[in-house]
Every structure is written in structure tokens, then in C-alpha cells.
Amino acid sequence: MASERTTDQLIFFVNGKKVLEKNVDPETTLLTYLRRKLGLPGTKLGCGEGGCGACTVMISKFDNSQKKIVHYSVNACLFPICALHHVAVTTVEGIGSTKTRLHAVQERIAKSHGSQCGFCTPGIVMSMYALLRNRPQPNMEEIEENFQGNLCRCTGYRPILQGYRTFAKDWSCCGKGINGPGCCMTGKVGGCCGRKVNDTGCCMNEKEDNAAMVSSILFNPAEFHPLDPTQEPIFPPELLNQKDKPQEPLCFKGERVMWIQPTTLEELLALKAQYSNAKLVVGNTEVGIEMRLKNMLYPVIIAPAWIPEMTFVQHTEEGITFGAACTLSFVEVVLKKAVAELPSYKTELFQAVLEQLRWFAGPQIKNVAALGGNIMTASPISDLNPVFMACGSKLTLASNEGRRTIRMDENFFTGYRKTVLKPKEILLSIEMPYSRKNNLDELVPSKYVSATEVFHKDLVANVQLFQEVPAGQSVEDMVGRPMVHLSAAKQACGEAVYCDDMPCYENERYLTLVTSTKAHAKIISIDTTEAQSVPGFVCFISAKDIPGSNDTGIANDEPVFADNMVTCIGHIIGGVVADTHEHSRRAAKAVKIKYEEFTPIVTIQEAIEKQSFYKSPRKIEKGDVQNGFEESDHIVEGEMYIGGQEHFYLETHCTIAVPKGEDGEMELFVSTQNPMKTQECVASALGVPANRILVRVKRMGGGFGGKESRSTLLSTAVAVAAFKTGHPVRCMLDRDEDMLITGGRHPFLGRYKVGFMKNGKINSLEVSYYSNGGNSEDLSLAVMDRALFHMDNSYNIPNIKGVGTVCKTNLSSNTALRGFGGPQGMMVVECWMSDVILTCGLPAEQVRKLNLYNEGDLTHFNQKLEGFTLRRCWEECLVNSKYYARRKLIDEFNRQNRWKKRGIAIIPTKFGISFTLSFLNQAGALVHVYIDGSVLLTHGGTEMGQGLHTKMIQVASRTLGIPTTSIHISETSTNTVPNTSATAASVSTDLNGMAVHKACETILERLEPFKRSNPKGSWKDWVGAAYVKCVSLSATGFYRIPNLRYDYEKNEGNPFNYFSYGVACSEVEIDCLTGDHKNLRTDIVMDVGTSLNPAIDIGQIEGGFIQGLGLFTLEELRYSPEGDLYTRGPGMYKIPAFGDIPTEFYVSLLRDCPNSKAIYSSKAVGEPPLFLSASVFYAIKDAILAARAESGLTGPFRLDSPATPERIRNACVDMFTKLCPSAKPGTFKPWSVRV
Ligand SMILES: Cc1cc2nc3c(=O)[nH]c(=O)nc-3n(C[C@H](O)[C@H](O)[C@H](O)COP(=O)(O)OP(=O)(O)OC[C@H]3O[C@@H](n4cnc5c(N)ncnc54)[C@H](O)[C@@H]3O)c2cc1C
Ligand code: FES
Ligand code: FES
């Protein structure tokens, strides 16, 4: 009986230090323990469901079956603390530090610019570290595969791979002698870029004519410290001494759950007989998810990891038998060896299992998840069960009554997540049989072989080109040089502090939000009785607790807490404050709310039918559209839907609010792009003047627009909780809450009519845009404005009319996301452009080029294009990508392959720079110079990984003429620079850079007399002299962009300061039978003016491109017809991973294109490159075209975004798709709707 067992002491090691824990709660994860109990915040919480890898740590233990110490990476967010007995944990803090020495894996990711916001970085560092502990010289394939369990939303992965490639044994560039373009390893395979080099040497030699001014050296591997495996921390001797001692059974009892770890099979079977409902937990990758996300409670857990009969492997006459608790990684190793050693025909099943395991999660999951766990979860989407069933694997089951062996056939699964196992039974082992000879290969005609080939990707190769700084530029002047992000080393060591990394205050409380489960309803009652009985419950807060105004939001049209009505699922109704996160989460789930429901409006279509809109539609019109149509040879009409997008910043929204106890003062630490709006909303809700509210932002783990306005939802609620309790209150949203509550990119519907000539010249365009704004106005109108300003993309359309309507629906309010409506506006352009091209039957690049603007042209909003570099980008991209030669190769490939097709597309972009709301184009800076000469710089922008602080320090350093090391930025705060615009719209470097420059110039002016009187003196001398003469060494700077104004009525004025331009060419291959695709190659040429920092700018281009690639090809938000978001985590919502980036990825910054409109001739770069990923979408469309041609289909066809496998497959119309026609709308209730 549970009560009879006493609880044991848990013993384990963390970073070499022994931990003894007497009060073990089996519900506690290793991540919570590390962060909260041990104060090791380097390991991050990104998703809590094993999907992002931010929480990766390394486990080391002595493995008795292998008779050696094994090291493996795990997800700390799922790893139960009880499974730690007698193991050693290594976290990012344990391998290196900026205070002592960076470990080679930390140094290389930092110096190769592989860290932007840095929130994913510790996890990536630990994944690499664990790989190197097992293989000090891995090959490149192993490195790429190793990262399948890690996500990064910022970098686009290329720099991480490039930095870590230097550990590979087949990385052939030695790092010596690369002091210019080229590779010292001429003639070898796998040059510095990872690309195959030919007899002429490194691929860089192909760009000889540029060699004098162009560089590809973003970092110098020669600077890297070598990896020295002998320096790694040793395995704790105390644990090694344990290896010969038998393990004792363990029991840990927590508030709700008991964990029992037996050591013999008999004991285990007796326990299972006693607790037949108990769960057998090995990896906890299923049970952990059920308990956390599905609110399941399993009071008894039995851990079979120490049972020899469940962890063995045995080779028999028939096949290989594995104990059910063998991990998938172990199975992988054994099967790979068998495949290598046995005749191929005997191991076809093993190969099939290995192929499944290749796509199965990442190493962190496979290292802990058990074979038996996969089978016994009995999930219909299991990757392994179909293979086991197909080959007739045998399962041995055991109970205290005996054993039986059964075949895993159609009778094994008896229902959803149900099997034939009896309650007392467990799965003991699985036998995978050898396969027999077949002659399948000889039966397939050559043209159809492509249907049988496995769709694998090649290793990534890349080259990044940028212009060198002019000869003679001082070495101290870092402007234009690829300076490393200033926080990179700290991020790589887990020392960079994010909001939730701040130590807990004494008496701190935790808030969990209570949100609506109905999309449109009246709140009838709220019952907190059950919640109050949860231990640690402090209070429930709701609209009644707001001392000031409950009205909030950009348009003041939403409540802080829904009072009477709820208008979306995820609408914040209130929150539970408790002593810990766990307790507040549990209590929040126990709050009961009764509703009276109304019919919600969920989709754009429903909103149009019900005329549910925000304000009247926006319109931009130029020329005579009707006349344009009449003069056209062809007119095409069509429609395109572009799905929304989740920001998926790795750090979810977080706030800590600390009441100061005097005069209504409150200090808030917030992960926000918008300190000013945060201050304003909190002040209004608390009913105090703004001067009592201090908002501080150190850094964010990514923002992408998601923390521009929606962060105030949480920060205001936390502030109210802190006000009511008088205690510091913290809340960091769980990933599922964040995805549900805070909205994302607006889904768009574009309807168009385009008139054009036979040669493809566009005459006239009429387009209507509809966006799904959700339940509040937020920034939706401004997003729609930007869509309309970009309804030309880069093309001159003489007669044009665009109307934009924002739909008011019962979804969480949608908001800013990188590009802010621009990508949706331009995507519709390329959609009708594709129709024009297919109608004319002309080469795509010819028609696009024909319509491009020229220098001096007026846009559709009558802004003159000056410094129009787009045509240069276009020509350079055509050359760099070898477009015409590859077009021919692609056509040849398509002729030879029936079921695999390739496609290519070259796409331009033009992106207007400035906030379209002109008063936002202002910024301030504050410079303090201290008498030791050091400078503290503050400006209005926030750091979210984009490298703004690094660039600002570069600017200040050049202006003041002092080294960057003398300048420090601590944070952004409302009490240093007031009234700041959000860090958004790509203009933060332009605005804050100028403000910083001005503030620094003021300082310089004041120092001028002292410089003159002591010309040979140092900066410190002049500063000291000025101080003694009572000259102020503190200055502010202020900047606003001049002459910005636009009049919708008259369609005149300049809404933008200037434009950023770029062109991308992408090639893809699709699998016509599955709809899967591979990104083979992308070439980008981008105008970023005179780059302030080529490494950061290239990082933004690649990161933006990959985020766009997610938007247009992978990321699909799924909603129920009732407006419920299904996709609430990485398990359901797929952002690009390491394996999704183009196999060949070349980025080049346009040379000699200074921009007179921004600081030091630079240009904005954050958002403009995102749309270039449309080149991948249209390359997919090109490939589909080739597939359709096999079925005799030509001409325009519809492909909505994202181009998911499902859409690609269905667009490749063939004999198979005809077998399953879509059901008629209205004849069934769909499980999911297009919103
Ligand atoms: C991020 C992530 C990615 C994933 N990716 C994939 C994927 O690509 N493909 C896929 O198929 N699955 C995937 N899964 C699901 C999961 O990892 C696998 O099903 C895994 O094999 C479960 O093993 P486990 O040891 O972690 O199970 P646990 O969570 O420990 O247990 C799972 C269930 O099995 C039962 N059980 C375990 N062992 C026995 C036994 N010997 N006898 C009786 N019952 C037993 C337990 O009682 C429990 O009900 C993923 C999960 C996560 C979190
Ligand atoms: S936080 Fe653990 S995998 Fe995402
Ligand atoms: S740097 Fe990887 S998520 Fe930001």
C-alpha cells in the first residue's frame, strides 16, 4: 500500500556537485529543479513538451549492460527528477563560463554568430557537447542529425552549422591561411563552405573579379581553441564506486504522486498486480506530456529502468529481441550494426525501423524514450507500430501469473490507445524478425524508380559574401565589420539573464491566467471553490480587482480581464495567484466558469457574410483601372489564401511585477518590445500616473512583433496581481497558453483581377485584401495599410486599385509579425503574377523582369523611387544562381523522373522603411560618461536578438572615437529614455542610431575645448578635465525621421523614408506521391546599404528568410469550427528546423550602395528579407506544374499558403488523387477550418 512505503533520499550530481534531496516530488521535472531549486537558469524552458531542445542537458551514468560510462542529451523539461538517482547531470553552466574559460562548443557558436536572441543557445550548446563527449570527431552528417531535437527561431541555423562544422573530421578547411576569399584545401572535398570543391579550388574562386573588395570571412576558425577531451569534467568517483553495488529499490512520495523503482522483475510484477492502474515510466515522453498538457494524474508510477529483463538485447535465429525498456537510441545503435554486418535482404525490417527512427523526434527524446513506451502508448500516429505490425514482430508479455508471447498483428490494438494487455500485464520484450529475399527492385521501370527512392537531404553548404571595410579604416572602428553579438558569449554559457532567469524574490507569488474556453459567450458565473482547496492558493483576481481602468489595448477596445462577455477562446478572464507555478497552474485549472454561448465568427468567409469588420475598408487607387482592363489582351481573376503564423519566439511572454510600497510605485521586468506601452497600460489599470511605473527590459528571447503590443496583456494582469497581493508576482506563459492567447500573423484572403498584354506587361490590377483581425483591433489597421503599400511588390502597375478590410472575428487578436502585412500583400502579387506567367506561357523570370520598376518611377502611392538598386540585385542573383543553366538541368531532371519534380523561382522584394504611423518615427538616447572614461549608453530600443545593442555600441564607438569595449548597455528602461516607440518596423537602428549619434556628438562638442588644449591626451584625460571644469558628461539625443506623411484621400506624400531591396532564387524538389519537398538551393542578393555589421545583417537575412520559409511552406495553424486553436506547441505546429534549410544557401550583400537616409549609410534589414522565402513557394509551384504536365494539365492553378505536403500532393493531380475526390462542402462537419 502507498501509505506503507517510506520515502527515500535521492542522490545525484549536478556539474560535479553532489545533491541530496529528501523531499522529492515525482511531479517535479529536472528543469524546474535546476532553475528553481539549484538556481541554475542557464537551461531554458521553451516549450515544456520536448519539442524545442532549449532545456537540453547531458546525463552521464555507468551503464552496467555496456560496462562503461555513457553520456547522452535529454530534455530536462520532461525528465522526472526521480529518474536521476545515481546519475550525473551536466548543464551549460558546468562546461565553461565567461568568468573562467569558454568551452570550445560555447566559443564556436558565439564566434560564428550562431546566437542571436540566445534563448535556444544553451540547449544547442549542450546537444553539441553531448555529441562530442561520445564522438570527439563526428562527421558532418552526425552533426546535422544531432540537432534534430533543437529549434532556433532567429538564426536560420546556417551559422550554427557553420561554426560547429569545424569540429567535424571531414571538415577539410584547416582554418589556417584563410585571410581572404578562398580555401587552402584546394582540390579536396568539403571546402570551408562545406560545398564540394573542384580542381579550380574553393568555390569562392569563382568570384575572382570581386576578390579585392568582397569577403566571405564572417569568423576566423584559426582563433578557435581546440577541443581538448581530456579537460572535460570527470564522472563523479562516488558514482563510479556504486557500479558494483546492487541498486536498492526506491520510493518517492509527493503531494499527489508516488514513484516506485523496483530492481527485480518479480518485484515489478507484484507492484503491477497491486497497482494495476499504475503507469510504467521509462522516458516519460508520453506520460510527462499527458500530465502536463492533458491534465492527467497518475498517482502511482513504476519505473522499470533497473530491471535487467527489460533492458537486454539478444540475437536469435529468428531476429533480434529487445527488452521493452531499451531506449530508441540503443535500438538504433544495435540495428545499425546488424545492417552493417548482415546480408541486406535479412535486414530490410531493420532498415525500415532505422528509416522511421531517422525521422523520429531528436536525440534527446530517443535517448530516453523506450521501445515499449512507443508500442504501449498505442498511439495511432506512432512511427514504429506500423512497421512492427507489417513484419509480424513478436511481443512477450508478463504478469505475476506468468508469461505469454503474441504476434503484433491487427488484433493487438483494440481501440484508441488500447491494447490486448490485461491490467496486471506488462510488455517484457519485442522480437524484430529478419526479413526474407524479394525481387522488388527488378520490377520497377526506370522512369518510376523515383517513386521508390527515399527522400533524403544532402549536407548543408553555404557562402556569405559582404563588402570589406575601406582600406585604411582604423582597427578600432568596428562599423562595417562582422563584430560578434555582444551577448553571444554570455548566451552560450547560460549567463545571459532573461526575465524568468531573475532570482525569485522572497514572498514572491506566481500567477496563472484563467482564460475562456468559449469563443463567444456571456460569463454566467465563476466558481473558485475547488481552486481554493489547492495547496498554496492565495487569491483569484478578475476585473473587480482592477483599481483603475479595465479598458486597454492599442485601440482601447479590449478589457484587461473579460468582465461580462468573452470574445475568443483564450480571452483572459482572471488569474490564480499561488505560492508556486505548479500550484497556481493546478488551481487555475480547477476554476469553474459557466457560459451562455453565442455563435462565433471564426473565419474570414463568415466575417464577410456577416459584414463583421473593423472600421471602413482602406483604399489606395491610381490610374484608371477600368480603362486598363479594356486595353489588356488578357484578364485573369483569382483568389489566394495565406494562413497565419505563430511568432514562436523561444522565450514566451514573461513579467515580474514588484510593488514598491510607496506612492503607487511599481517596478516591472518584462519581456517586451514596447516598454512605453507597457508602462501606459499598467498605469491606466492601476490608476496611477505613468511616472510611478518603471518598466525594465534587459533582453528578450525573441520578439518578432509578438511582444510589440500583445505583451501588455500579461504584464497588466501581473501588475494587477502584484497590486492586489502586495507581493512580487511572476508569470511566464506556458507555450500552449502563449500560442492560444497572444495571437499571431494575420491570415489573409486576396481576391484579384489583373489585366495584361500578351508579353506579360501588366496594365491593370484590382485587388481586395481581407485579413482576420481577431477579437480586438490592436495593430490590424496598420498591418492592412502595409499590405496595401506592398500590393505592387516591385512591379510598376499603371492602373491599380487595392481595398483592404480587417475582419472582426472571435479569434485571439492577431498582431504584428515580422513584415507586418507586407509579406501577405506581396504574396498575393506573386500569385497573380504566376497566373499571368502561366497564361502567357512565357518564362517566369522574363515576365517578372519586364514589370520591375526603374529608378525614378512613382509607386502606386506616388512615392518616387530613388537609389533603386533592385535591378542590380536581380541581375546579380541571376548570375550568382546560374539561373539559366540550372533551369535546363531542372527540365532535364523532370523529363527523367515521374514522381519527383524540381522547380525554380526568382522573386524580388521591395520593402518600405518606417512606421506607417508617422509620429512613431522618433527615438531618444542617453549617454553617460564616467570619469574613468567608461560610457553607459541607453537608447529607446530593446534587444531581442537582432543585435541592436551591438550596432548601437558600434555607432557610439565610431562617433566618440573610443573602443567598443569602453561602452556598455545595461538595459532599456522607461526612467532613462521616456516615451519610446516600440522596437519594430525594422527602423530601430535607423532611429536609435541617429539618436545615439546625436547624443555622442553633444558629448564630443563639450569635450572639444579639452581636446584642443591637450591634443595628445587620451579620452580619459579629456573626460577627467571636463569633469574638473564642471562640464556635464551626460547628454541626451533625439531624432525623428523628417518629411514623413501620407494622405490616403489624395494618395500623396511619402509614407516611407526609403526602401530596402532584395532578390532570391530558390530551387526545390518535391515528392509527388507524398507532397514532401526539399529545399535544394537558395541564392540571395540583398541591399542593406553600407552594412553596419555584415554578420548581424546576414544573420537577419537568413533568419528572416527561414522564418518566411516556415510561413509559406511549413507552419499551419489549425482551428476547430468553433474557433479553438488545436496547434498549441511544437508537437503540432512545425517551425523550420535544422533539416529544413536550403542544402546550398548563399547570401550576398550588394556592394557600393550607400543609403543617405540612415545612420552611417546603412539600411534596415529586420523585416525586408522575410518575403524572399516566397521564392521557395513559387519554386514548389513550378515543380507542381511539371507534375501536372504529366497528367496533361497546363495553365494557372491555385496553391494556397502554406504549401504543406497535403496541398502539394493534391495539386499534383494524377490517377491517385482522382481516386479520392474532396467531399462537397456542406455535406460534413470539418474537424478544422481555414480561418
Ligand atoms: C517531442 C516528442 C517527439 C516525439 N516524436 C515521436 C515520433 O516522431 N514518433 C513516435 O512514434 N512517437 C513520438 N513521440 C512519442 C513518444 O516519445 C514515444 O511514444 C516513446 O517511445 C514513448 O516512450 P517513453 O519511454 O518515453 O514512454 P513513457 O512516457 O515512459 O510511457 C508511455 C506509456 O507506455 C506505457 N509503458 C511503457 N513501457 C511499458 C511496458 N513495458 N509495459 C507496459 N506499458 C508500458 C506506460 O505505462 C505509458 O502509458 C514523441 C514524443 C515527444 C515528447
Ligand atoms: S523546453 Fe524542453 S524541449 Fe522545449
Ligand atoms: S538565437 Fe535561437 S531562438 Fe533566438
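(A) Here's a closer look at the overall build of the protein. Helices and strands together make up the secondary structure of the protein, namely 33 helices and 46 strands. For the protein, whose C-alpha radius of gyration is 31 Å, the value lies close to the compact-globule estimate of 33 Å for 1235 residues. Its C-alpha atoms give the protein principal-axis dimensions of roughly 85 × 80 × 70 Å. Per-residue burial for the protein yields a buried fraction of 61% across its 1235 residues. Entry remark: accessible area of the protein is about 46300 Å², with carbon and sulfur atoms responsible for 52%.

(B) Main features of the nonpolar core. Counting 259 residues, the largest nonpolar core has Tyr-164, Leu-511, Trp-832 and Trp-1019 as its most contacted members. It is helix α24 (residues 822-840) that provides the largest number of residues to this core, a total of 10 residues. Once residues lying within four places of it in the same chain are set aside, the contact partners of Leu-511 are Ile-541, Gly-575, Val-576, Val-577, Ser-584, Ala-717, Val-718, Ala-721, Val-729, Arg-730 and Cys-731. Among the nonpolar cores identified, the runner-up in size contains 86 residues, and Val-70, Leu-250, Val-387 and Ile-426 belong to it.

(C) Quick look at helix α21 (residues 711-725). The terminal C-alpha atoms of α21, which comprises 15 residues, lie 22 Å apart, in line with the 21 Å expected from a rise of 1.5 Å per residue. The buried count for α21 comes to 13 of 15 residues, which makes it a mostly enclosed element. Gly-726, located one to two residues past α21, shows a positive phi value of around 75 degrees.

(D) Structural view of the side chain of His-1077. Residue placement: His-1077 occurs in strand β45 (residues 1077-1087). Within the structure, the side chain of His-1077 is placed 3.2 Å from the side chain of Asn-1079, a separation counted as a polar contact. Discounting residues that sit within four places of it in the chain, His-1077 has contacts with Phe-455, Val-1068, Glu-1069, Ile-1070, Thr-1113, Val-1176, Ile-1180 and Ile-1208.

(E) Highlighting the confidence of the model for the protein. For the protein, the average pLDDT comes to 94, and 96% of its residues sit at 70 or higher. Throughout residues 173-212 the model reports pLDDT below 50, and contacts reaching past four residues in sequence, or to other chains, amount to 77 contacts.

(F) Fine view of the sheet that holds strand β7 (residues 250-253). Taken in spatial order, the four strands of this open sheet run β7-β8-β10-β9, and their pairing is mixed. In the strand order of this sheet, the two ends are held by β7 and β9 (279-280), each with one partner. One ladder, built from three bridges, connects strand β8 (residues 258-261) with strand β10 (residues 300-302); its direction is parallel. For Trp-259, the partnering residue across the bridge sits in β10 and is Ile-301.

(G) Expanded view of the state of the cysteines. According to the stated counting rule, one finds zero disulfides in the structure shown. There is no disulfide at Cys-251, and the cysteine sulfur nearest it, in Cys-82, is 9.0 Å away. In this structure Cys-251 comes out as buried when scored by relative accessible area, which is 4%. No disulfide involves Cys-840; its nearest neighbouring cysteine sulfur is the one of Cys-831, lying 15 Å away. Since its relative accessible area comes to 17%, Cys-840 is described here as buried.

(H) The arrangement of helix α1 (residues 30-37) in detail. For α1, every residue scored as buried is listed here: Leu-30, Leu-31, Tyr-33, Leu-34 and Arg-35. Gly-39, located one to two residues past α1, shows a positive phi value of around 65 degrees.

(I) Quick peek at the environment of Glu-943. Of note, Glu-943 is situated in the loop between β38 (935-939) and α28 (948-960). Along the backbone, Glu-943 and Met-757 are 186 residues apart, and their C-alpha atoms lie at a distance of 48 Å. Contacts of Glu-943, omitting those with residues within four sequence positions, involve His-485, Lys-698, Arg-699, Met-700, Leu-948, His-949 and Thr-950. A polar side-chain atom of Glu-943 sits 3.4 Å from the main-chain amide nitrogen of Gln-946.

(J) Representation of the pairing of strand β32 (residues 729-732). Burial along β32 is two-sided: Val-729 and Cys-731 and Arg-730 and Met-732, pointing in opposite directions, are all buried. Judged from the two bridges that link them, strand β19 (residues 509-515) and β32 form a sheet pairing that is parallel. Within β32, the position partnered with Tyr-510 by the bridge is Arg-730. Direction of pairing for strand β29 (residues 654-659) relative to β32: antiparallel, over a ladder of four bridges. Bridge assignment links Ala-657 to a residue of β32, and that residue is Val-729.

(K) Just a nonpolar patch on the surface, in detail. Together, Ile-931, Tyr-1027 and Val-1028 make up an exposed nonpolar region whose accessible area comes to about 340 Å². You can see Tyr-1027 is positioned in helix α30 (residues 1019-1028).

(L) Summary view of the site of ligand 1. Residues in close proximity to ligand 1 total 30 residues, the closest being Thr-285, Glu-286, Val-287, Asp-383 and Leu-427. Within the backbone of Leu-280, a nitrogen or oxygen atom sits 2.9 Å from an oxygen atom of ligand 1. Note that an oxygen atom of ligand 1 is positioned 2.9 Å from one of the backbone N or O atoms of Gly-283. Protein coverage of the free-state accessible area of ligand 1, which is 990 Å², stands at 87%. Those elements giving two or more residues to the shell around ligand 1 turn out to be β9, α8 (287-293), α12 (371-377) and β17 (426-433). Counting residues per element, the shell around ligand 1 draws most heavily on α12, at five residues. Along the lines of polarity and charge, the residues of the shell around ligand 1 split into 16 nonpolar, 10 polar and four charged.

(M) Examining the sheet that holds strand β2 (residues 17-21) more closely. Ordered in space as β2-β1-β5-β3-β4, the five strands form an open sheet in which the pairing is mixed. Looking at strand neighbours, the two that pair on one side only are β2 and β4 (68-75), the edges of this open sheet. Across the sheet, the mean angle from the axis of one strand to that of its neighbour is 30 degrees, orientation sign disregarded. Sheet topology places strand β3 (residues 56-63) next to strand β5 (residues 88-90); three bridges connect them, and they run antiparallel. Along β5, the bridge assignment pairs Ser-60 with Ala-88. Relative to the sheet, helix α3 (residues 121-134) contacts β3, β4 and β5, its axis offset from that of β3 by approximately 25 degrees.

Cut-offs used in this document
- Residues numbered from 1 in each chain as written.
- Chains lettered and ligands numbered in written order.
- Predicted model: local features only at pLDDT ≥ 70, side-chain atom pairs only at ≥ 80, totals over all residues.
- Heavy atoms only, no water.
- Helix = DSSP H or I, 4+ residues; strand = E, 2+ residues; numbered from the N terminus.
- Rg over C-alpha atoms; globule rule 2.2 N^0.38 Å.
- Buried < 20%, exposed > 50% of the residue type's maximum accessible area, 1.4 Å probe, protein only.
- Areas by Shrake-Rupley, 256 points an atom, 1.4 Å probe, with all protein chains shown as cover.
- Core = buried A, V, L, I, M, F, W, Y, C linked by side-chain atoms within 4.5 Å.
- Contact = heavy atoms within 4.5 Å.
- Expected span 1.5 Å × (residues − 1).
- Polar contact = N/O pair within 3.5 Å; in protein donor to acceptor, adjacent residues only side chain to side chain.
- pLDDT = per-residue confidence, 0-100.
- Pairing = 2+ DSSP bridges.
- Disulfide = S-S within 2.5 Å.
- Patch = residues over 30% accessible without salt bridge, like charges linked within 9 Å, V, L, I, M, F, W, Y side chains within 5 Å.
- Salt bridge = Lys/Arg side-chain N within 4 Å of Asp/Glu carboxyl O.
- Near = heavy atom within 4 Å.
- Nonpolar A, V, L, I, M, F, W, Y, C, P; charged D, E, K, R; others polar.
- Axes fitted to C-alpha atoms, helices over the stretch in contact; angles between N-to-C directions.

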